[in-house]
Amino acid sequence: MRSVRLKGLKKSFLQGGMILDGIDLTIPSGKFFALLGPSGCGKTTLLRLIAGLERADAGQIFLGNKEITDLPIHERPVNIVFQNYALFPHLNVFDNVAYSLKLKKVPKEVIKEKVLKILEAFHLESHIHKLTTQLSGGQQQRVALARAIVNEPDVLLLDEPLAALDFKLRERMLIELIELQDKLKTTFLYVTHDQFEALTVADQMAIMSPGGRIEQIGTPKEIYEFPATSFVAKFVGTTNLLSGTLHQIGSDPQVSIEGVGRLKVHIPQLKDWMEEGCQAVMSIRPEKIFISKKEVKNFSNVLKGVVHSIVYHGRSTQYNVLLSNKTRLQVFEQNEEHFPQEVIDYDNEVYLYWQKENVVLLQQ
Amino acid sequence: MKTPQLAKHYPFAIGIPAVIWQVVFFYLPLALLVAGSFLIWTEEGGFAGFSLEKFTFFFRPPYFTVIGASLLLALSTSILCFLIAYPIAYYMAFRGKKWKNLLLFLLIVPFWTNFLLHVYAWFYVLEREGILNTLLRALSITHEPIAFLNSTFAIMIMMIYYYLPFMLLPIYASLERFDSKLLEASYDLGASWRQTLCKITLPLCSRAIKTGFFLVFIPSFGEFAIPELMGGDRVMFIGNVVSQFILGDETGSLGASFTVLSCIVLVISALVLYQLLSWFLKPRATTW
């Protein structure tokens, strides 16, 4: 259980494309840390650099206080769970899991005890002598996990480990991973492009943008509720972005939007870029907006629009509403009742309400 | 639409011409050969009984030497071919990148040339005033020309040169499909390069290695052109003895029985080789 610290890490490939451009990042010790980014942003490269599968062009990697930048891969106390598991097809489940222990020349009885214990914990005890190719996807996933943690690494690196599983199984594995991390207290670095997975598992997470930059670091709640950049706001969850001009920063901050009017915003902390009359982007999450055909009081903002389309999701319904300036806003409404008091249909005129505290103001 | 119907109900019908060919030109002559090795004929060509006499004829030290020499030749050729082919295949498959196909092409090109041309090309290299001797003298490594030709050295050079692709191609094909993530997983779990080779890479292409061994071992056991051309008359191999008997006067049936005998030796030694390779390439599940 040690922290991972990256300092000015750079990596470029000859063919161009993926580039890490001076990454500074601390993955706190004993935490479940998720690295979230779109495909091709360099997050897997970052993980491979920590594992030692790639060499950095510049920068340093520390494990606790020890620098491991130039340590060969097989000497790093770090293990990976690969995306497609990379289980050894010629070895059975037991020998796959025992692989690292046998290399360390651990006594046979100890190996047997450790491996059996971990296989039992992963409900694999009845598959010990099977070849890994005879197992289901979920079971292979657990063998890969068992193989990586049996060695008690300081840091466990997970490279999109659940990408090959179906949705239900993925949800269950996520819970198992959280419980596992709680029990082991090993530092987990979980790399994924799936925001649902990242938000579910992470104690802390970092968002990476294409071009290999870290956009924001924080708890899932901080990232989701208070995105720092419009990239983060758009990439994590869905959001409505409205750009306009910022006014009255000091007293009663408002954003005026062409063809829509003035909307009240709340500025919890003044940023460097905010000044009277500057361009700004408002981010409002669809579920923070209340939709109704009736006039309601006690909301700081209201807009009128026409329902353009409705998408039924089961637990919620998504309304796409066209504003007078042809901007489209998304609204999520929980389906709380079998027979809602108010039925909203296509082409209905509706009011959209939200509180100014639920708006995040971003730099243009 | 007759043919598809035939193929549907008798899926093996399509193989009939090949089977006829195989029976007439392979199994029948083989049966005659085997029969000829222990049947005795009268002067007029009539049947006169069985005898193992023609086999016991070969239970003599000179022939043991011949069989031993052939086994040694086949074994050393396949082992040397493996030792040379494996690193090349490994390099091509994992480091070749976009040059892969070009390298493969360059390896196959010599195959398009006539076998005798290969031999003559090597004559030019190895003869007294040949390229190798000239080079060695130019570099002042030797002062007198060395007689490379007509030696075991020349035989081995030519054997390896000729049989290398048979070992290389199956191994390359297997390594090329190899999931390099498995190597990364092995390193990640603490294995060094050598441990990964022994525990992951070699066991996982054991089938290709075995294939390569047999593609080299079996034909080189009966090889007679290369020893004849490159080795002069110094060492006799099975191929040379068989051709002498078969082509000689009245000794055809001795040639037949020697062929049968060497076939038996070949089958036994191939089985032993298979077991040895299987043991050697075993993943060592619980013992290592």
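Residues numbered from 1 in each chain as written. Chains lettered and ligands numbered in written order. Predicted model: local features only at pLDDT ≥ 70, side-chain atom pairs only at ≥ 80, totals over all residues.

Asks: What is the right way to look at the overall build of chain B in this model?
Replies: If you tally the helices and strands in chain B, you get 14 helices and two strands. A globule of 288 residues ought to have a C-alpha radius of gyration of about 19 Å, yet chain B, at 24 Å, is considerably larger. Structurally, chain B occupies a C-alpha span of about 75 × 70 × 50 Å along its principal axes. By residue count, 27% of the 288 residues in chain B fall in the buried class. Relative to all contacts within chain B whose residues are 6 or more apart in sequence, the contacts with residues 24 or more apart total 68%. (Helix = DSSP H or I, 4+ residues; strand = E, 2+ residues; numbered from the N terminus. Rg over C-alpha atoms; globule rule 2.2 N^0.38 Å. Buried ≥ 20, exposed ≤ 12 C-beta atoms within 10 Å, placed from the backbone. Contact = placed C-beta atoms within 7 Å.)

Asks: Any chance you could explain the overall build of chain A here in plain terms?
Replies: Helix and strand counts for chain A stand at eight helices and 20 strands. Summarising its shape, the C-alpha atoms of chain A cover approximately 75 × 50 × 35 Å along the three principal directions. Here chain A holds 364 residues, and the buried ones make up 37% of them. Residue pairs in contact within chain A that sit at least 24 positions apart in sequence constitute 67% of those at least 6 positions apart.

Asks: Please explain the sheet that holds strand β6 (residues 78–81) of chain A as it appears in this structure.
Replies: Paired through their backbone hydrogen bonds, the strands of a sheet run either parallel or antiparallel. All names here are of chain A. Strand order in the open sheet formed by six strands is β6-β7-β8-β3-β9-β10, with mixed pairing between adjacent strands. Looking at the sheet topology across the chains shown, the edges are occupied by β6 and β10 (213–218). Averaged over all pairs of adjacent strands, the angle between strand axes in this sheet comes to 20°, irrespective of strand direction. Two strands pair when backbone bridges link them, and β6 and strand β7 (residues 155–159) are joined in this way by four bridges, in the parallel orientation. Its bridge partner lying in β7, Val78 is registered against Val155. On top of the sheet, helix α4 (residues 137–149) reaches β6 and β7; it is set at about 175° to β6, its chief contact. (Pairing = 2+ DSSP bridges. Axes fitted to C-alpha atoms, helices over the stretch in contact; angles between N-to-C directions.)

Asks: Which parts of the structure should I look at to understand the interface of chain A and chain B?
Replies: When the parts come together, some accessible area is lost, and that loss is often what is quoted as the size of the interface. The partner chain B presents 18 residues to the 19 residues of chain A that form the contact. In terms of residue class, the side of chain A that touches chain B is made up of 10 nonpolar, six polar and three charged. (Nonpolar A, V, L, I, M, F, W, Y, C, P; charged D, E, K, R; others polar.)

Asks: Whenever I open this one, the nonpolar core confuses me. Can you help?
Replies: When a protein is soluble and globular, its nonpolar side chains tend to lie buried together. In this structure, Leu157, Leu189 and Tyr190 of chain A together with Ile171 of chain B are the most contacted members of the largest nonpolar core, which totals 144 residues. Of the residues forming this core, the biggest block, 14 residues, is contributed by helix α8 (residues 152–176) of chain B. In contact with Tyr190 of chain A, other than residues within four places in its own chain, are Phe32, Phe33, Ala34, Leu35, Leu158, Val201 and Ala202 of chain A. (Core = buried A, V, L, I, M, F, W, Y, C linked by C-beta atoms within 7 Å.)

Asks: I keep staring at the sheet that holds strand β14 (residues 279–284) of chain A and nothing clicks. Help me out?
Replies: All names here are of chain A. One open sheet accounts for five strands, arranged β13-β12-β11-β14-β20; its pairing is antiparallel. For this open sheet the edge positions go to β13 (261–264) and β20 (359–363), each flanked by a neighbour on one side alone. Neighbour-to-neighbour, the strand axes of the sheet open up by a mean angle of 45°, direction not taken into account. Bridge count for β14 against β20 is five bridges, and the pairing is antiparallel. Bridging across to β20, Ile284 finds its partner in Val359.

Asks: Would you take a moment to explain the domain arrangement of chain B for this structure?
Replies: All names here are of chain B. When its domains are assigned, chain B resolves into domain 1 (1–51) and domain 2 (55–280). Spacing between the C-alpha centres of domain 1 and domain 2 amounts to 32 Å. If you look at the interface, domain 1 gives five residues, while domain 2 gives five residues. Residue classes in the side of domain 1 that touches domain 2 are distributed as three nonpolar, two polar and no charged. (Domains from an automatic or database assignment.)

Asks: Can you walk me through helix α2 (residues 16–38) of chain B in this structure?
Replies: Residue and element names in this part refer to chain B. Taking 1.5 Å per residue, 23 residues should reach 33 Å; α2 reaches 32 Å between its end C-alpha atoms and fits that length. The sharpest bend along α2 comes to roughly 40°, located at Val23. Burial of α2 is sparse: only one of the 23 residues sit out of reach of the surface. (Expected span 1.5 Å × (residues − 1). Bend = angle between axes of the 7 residues up to and from the residue.)

Asks: Could you clarify how one ought to interpret the packing of helix α4 (residues 61–95) of chain B against helix α11 (residues 206–221) of chain B in this entry?
Replies: Two measures define how a pair of helices packs: the angle their axes make with one another and the distance between the axes. Residues and elements named next belong to chain B. Between α4 and α11, the shortest axis-to-axis distance is 8 Å and the interhelical angle comes to 145°. For the pair α4 and α11, the sense of crossing is right-handed. Note on element contacts: α11 touches α4 through Ile209, Gly212, Phe213, Val216, Phe217, Ser220 and Phe221, opposite Ser70, Leu71, Leu73, Ala74, Thr77, Ser78, Cys81, Phe82 and Ala85. Considered class by class, the residues forming the contact of α4 with α11 number 11 nonpolar, five polar and no charged. (Left-handed = near helix turned anticlockwise from the far one by under 90°.)

Asks: Could you clarify how one ought to interpret helix α1 (residues 43–51) of chain A in this entry?
Replies: Each turn of an α-helix holds 3.6 residues, which means side chains three or four residues apart point in the same direction. Residue and element names in this part refer to chain A. Most of α1 sits inside the fold, with nine of its nine residues counted as buried. Residues Lys43, Thr44, Thr45, Leu46, Leu47, Arg48, Leu49, Ile50 and Ala51 constitute the buried set of α1. Immediately downstream of α1, the backbone of Gly52 shows phi near 100°, a positive value.

Asks: Please clarify how the environment of Thr251 of chain B should be interpreted in this entry.
Replies: Structurally, Thr251 of chain B can be placed in the loop between α13 (238–247) and α14 (252–280). Sequence spacing of Thr251 of chain B and Pro219 of chain B is 32 residues, and the spatial spacing of their C-alpha atoms is 24 Å.

Asks: I would appreciate a short explanation of the pairing of strand β17 (residues 316–323) of chain A in the present structure.
Replies: Residue and element names in this part refer to chain A. As defined by bridge partners, strand β16 (residues 301–312) adjoins β17 across seven bridges and the pair is classed as antiparallel. Bridging from a neighbouring strand, Gly305 pairs with Leu323 of β17. Taking the residues between adjacent antiparallel strands as the criterion, β16 and β17 are bridged by three residues, where Gly314 takes a positive phi near 100°. Summarising the sheet, β17 and strand β18 (residues 328–334) pair through seven bridges and their orientation is antiparallel. Residue pairing across strands places Asn320 opposite Gln330, the latter belonging to β18.

Asks: Whenever I open this one, the packing of helix α2 (residues 93–103) of chain A against helix α3 (residues 108–121) of chain A confuses me. Can you help?
Replies: Residues and elements named next belong to chain A. At a closest axis distance of 10 Å, the pairing of α2 and α3 adopts a crossing angle of 130°. Classified by the angle their axes make, α2 and α3 are oblique. For α2 against α3, the interelement crossing comes out right-handed. Between α2 and α3, the residues in contact are Val93, Phe94, Val97, Ala98, Leu101 and Lys102 and Ile111, Lys114, Val115, Ile118 and Leu119, respectively. In the contact of α2 with α3, the residues fall into nine nonpolar, no polar and two charged. (Parallel < 35°, antiparallel > 145°, perpendicular 65-115°, else oblique.)

Asks: I would appreciate a short explanation of the confidence of the model for chain B in the present structure.
Replies: Do not read the predicted coordinates in detail wherever pLDDT is low. Averaged over every residue, the pLDDT of chain B is 87; the share at 70 or more is 95%. Scored as a whole, the predicted complex attains pTM 0.83, and scored at its interfaces, ipTM 0.86. (pLDDT = per-residue confidence, 0-100.)

Asks: Explanation requested: the environment of Phe55 of chain B in the structure shown.
Replies: All names here are of chain B. Mapped onto the secondary structure, Phe55 falls in helix α3 (residues 53–56). Distance from Phe55 to Leu254, taken between C-alpha atoms, is 8.0 Å for residues 199 residues apart in sequence. The contact partners of Phe55, leaving out residues within four places of it in the chain, are Ser257 and Leu261.

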